[in-house]
Amino acid sequence: MILKTFLDDCKARIDDPESVLVVGNEAADCDSIVSALTWAYLGGDKRYIPVVNNRKEVVALRAEVAIALAAVGVTLDDLVFLEDILRPERHLAVFLVDHNEPSAQWDRLGLDYSVVGVIDHHEDVGLFKDAPTRIVSVCGSCVTLVLQALPSPPPLWMHEMLITALTVDTVNWTWRVTEADVRAAEWLTGFGTVDELH
């Protein structure tokens with residue numbers, strides 16, 4: 001299933017009470033969006049729906065997001081945004097990526113939600129210790145941790161999108177780069193093995 005077809009299916013399932021929303025952080029930057037897309041698509045749970053945790057017009061200002069999405073044949077029009085899931089009367093199951101503390105705006109909006117998973121590369125604030133999946137480890141990009149956690153490696157056609165997010169979030173490999181980020185980049189660019197991701 002190509003990513004666009006998957007996203008079309010996600011939009012059709014948006015009101016399914018069994019769905020699990022894979023939500024990036026409020027900044028809605030390239031790393032956050034790519035991490036949510038990748039985990040929702042390949043994380044092994046058919047209930048996953050990736051959600052951009054901001055408004056479409058805000059994300060449209062981020063050229064790097066458009067570049068990353070174009071690598072997999074997707075545009076902003078294909079994505080699910082925060083405004084698409086605003087259902088105050090509904091309880092939401094949420095899987096956090098690229099943050100380990102829910103956005104304050106969710107409480108301001110009166111959303112009823114529970115956190116069922118976390119993958120994040122920022123400092124651990126110690127929440128959701130009982131989540132079935134909880135991976136919080138400081139590194140340059142959340143994409144690195146998503147790649148390590150996937151049940152199987154992403155297909156080759158996703159690699160350009162993933163390396164774009166890694167490069168942007170590490171400020172062109174000059175900020176907070178860890179050995180794990182380097183191994184992820186080496187694998188994505190064909191210079192490393194899958195085993196080296198872990």
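As a reminder, the structure under discussion sits directly above these lines.
Right, let's walk through the structure included here. Each chain carries its own residue numbering, running from 1 in the written order of its sequence. Owing to the predicted nature of the model, reporting of local features is limited to residues with pLDDT of at least 70; listing and counting of side-chain atom pairs is limited to 80 or more, with chain, interface and lining totals taken over all residues. The side-chain quantities take in all heavy atoms of the structure and omit both hydrogens and water.

## Notes on the packing of aromatic side chains
Let me state the cut-off plainly: Think of it this way: a Phe, Tyr or Trp ring, Trp meaning its six-membered ring, pairs with another when their centres are within 6.5 Å, and the plane angle makes it stacked under 30 degrees, edge-to-face over 60, tilted otherwise. Segments assigned H or I by DSSP are reported as helices when at least four residues long, segments assigned E as strands when at least two residues long, and all are numbered from the N terminus. In this scheme, a residue with accessible area under 20% of its type's maximum is buried, one over 50% is exposed, and one in between is partly exposed, where area comes from a 1.4 Å probe on protein chains only.
Counting across every chain of the model gives six aromatic pairs. Seen from their ring centres, Y48 and F95 are 5.8 Å apart, and the 70 degrees between their planes marks the pair as edge-to-face. In this pair, Y48 sits in strand β2 (residues 48-51) while F95 sits in strand β3 (residues 91-97), placing the two residues 47 residues apart along the sequence. F95 carries the same exposure label as Y48, and that label is buried. With 5.4 Å between their ring centres and 80 degrees between their planes, W106 and Y113 make a pair best called edge-to-face. A single burial state applies to W106 and to Y113, both of which are buried. Here the aromatic cluster, defined as three or more aromatic residues joined through ring pairs, consists of F6, Y41 and W157.

## Some thoughts on the side chain of H121
Threshold: Counted as a polar contact is a pair of N or O atoms within 3.5 Å, where, for protein atoms, one must be capable of donating a hydrogen and the other of accepting one, and residues adjacent in sequence contribute only when both atoms are in side chains. In this analysis, two residues are considered to be in contact whenever any of their non-hydrogen atoms come within 4.5 Å of each other.
For H121, the position within the fold is in the loop between β4 (112-120) and β5 (133-136). Looking at H121, the relative accessible area reads 0%, which means it is buried. Of the polar contacts made by the side chain of H121, one reaches the side chain of D31; its length is 3.4 Å. Within the local environment of H121, its side chain forms a polar contact with the side chain of R176, the two groups lying 3.4 Å apart. If sequence neighbours within four positions are ignored, H121 has contacts with D31, D98, S137, V138, C139, G140, S141, C142, L145, D169 and R176.

## A word on the nonpolar core
As a reminder, the rule being used: Within this scheme, the nonpolar core is defined by two criteria: the residues are buried Ala, Val, Leu, Ile, Met, Phe, Trp, Tyr or Cys, and they are joined through side-chain atoms within 4.5 Å.
With 65 residues, the main nonpolar core has L79, I85 and W106 as its most contacted residues. With nine residues, the top contributor of residues to this core is helix α2 (residues 30-42). Residues within four places of I85 in sequence aside, it is in contact with I14, L21, V51, V80, L92 and W106.

## Quick look at the environment of P17
Mapped onto the secondary structure, P17 falls in the loop between α1 (3-12) and β1 (20-23). Given a relative accessible area of 62%, P17 falls into the exposed group. Counting along the chain gives 74 residues from P17 to H91, while the straight-line C-alpha distance between them is 7.9 Å.

## A few points about the layout of surface pockets
The cut-off we apply is this: Both cavities and pockets are sets of points on a 1 Å grid over the protein atoms alone; in a cavity a 1.4 Å probe fits but cannot get out, in a pocket the set is open with protein on both sides within 12 Å along at least five of seven lines, and lining residues sit with an atom within 4 Å of a point. Grid points are joined across faces, edges and corners, and a volume is the space filled by probe spheres set on the points.
The calculated volume of the largest pocket comes to roughly 190 Å³. Lining the largest pocket are 11 residues; nearest its centre among them are F6, A40, Y41, D45 and K46. Secondary structure elements with two or more residues in the lining of the largest pocket: α1 and α2. At three residues, α2 tops the list of elements feeding residues into the lining of the largest pocket.

## Comments concerning the pattern of salt bridges
Using the following cut-off: For this analysis, a salt bridge means a side-chain nitrogen from Lys or Arg found within 4 Å of a carboxyl oxygen belonging to Asp or Glu.
Summed over all chains, the structure comprises 10 salt bridges. Residue K4 pairs with D78 through a salt bridge whose shortest N-O separation is 3.2 Å. In this pair, K4 is assigned in helix α1 and D78 in the loop between α4 (63-70) and β3, connecting sequence segments 74 residues apart. K4 gets classed as partly exposed once you look at its relative accessible area, which sits at 33%. Notably, a salt bridge pairs R134 with D124, separated by 2.6 Å at the nearest N-O pair. One end of the pair, R134, is in strand β5; the other, D124, is in the loop between β4 and β5, with 10 residues separating them in the sequence. On the basis of relative accessible area, D124 is assigned to the partly exposed category, the value being 37%. Three or more residues are tied together by salt bridges with common partners; here these are K4, D8 and D78.

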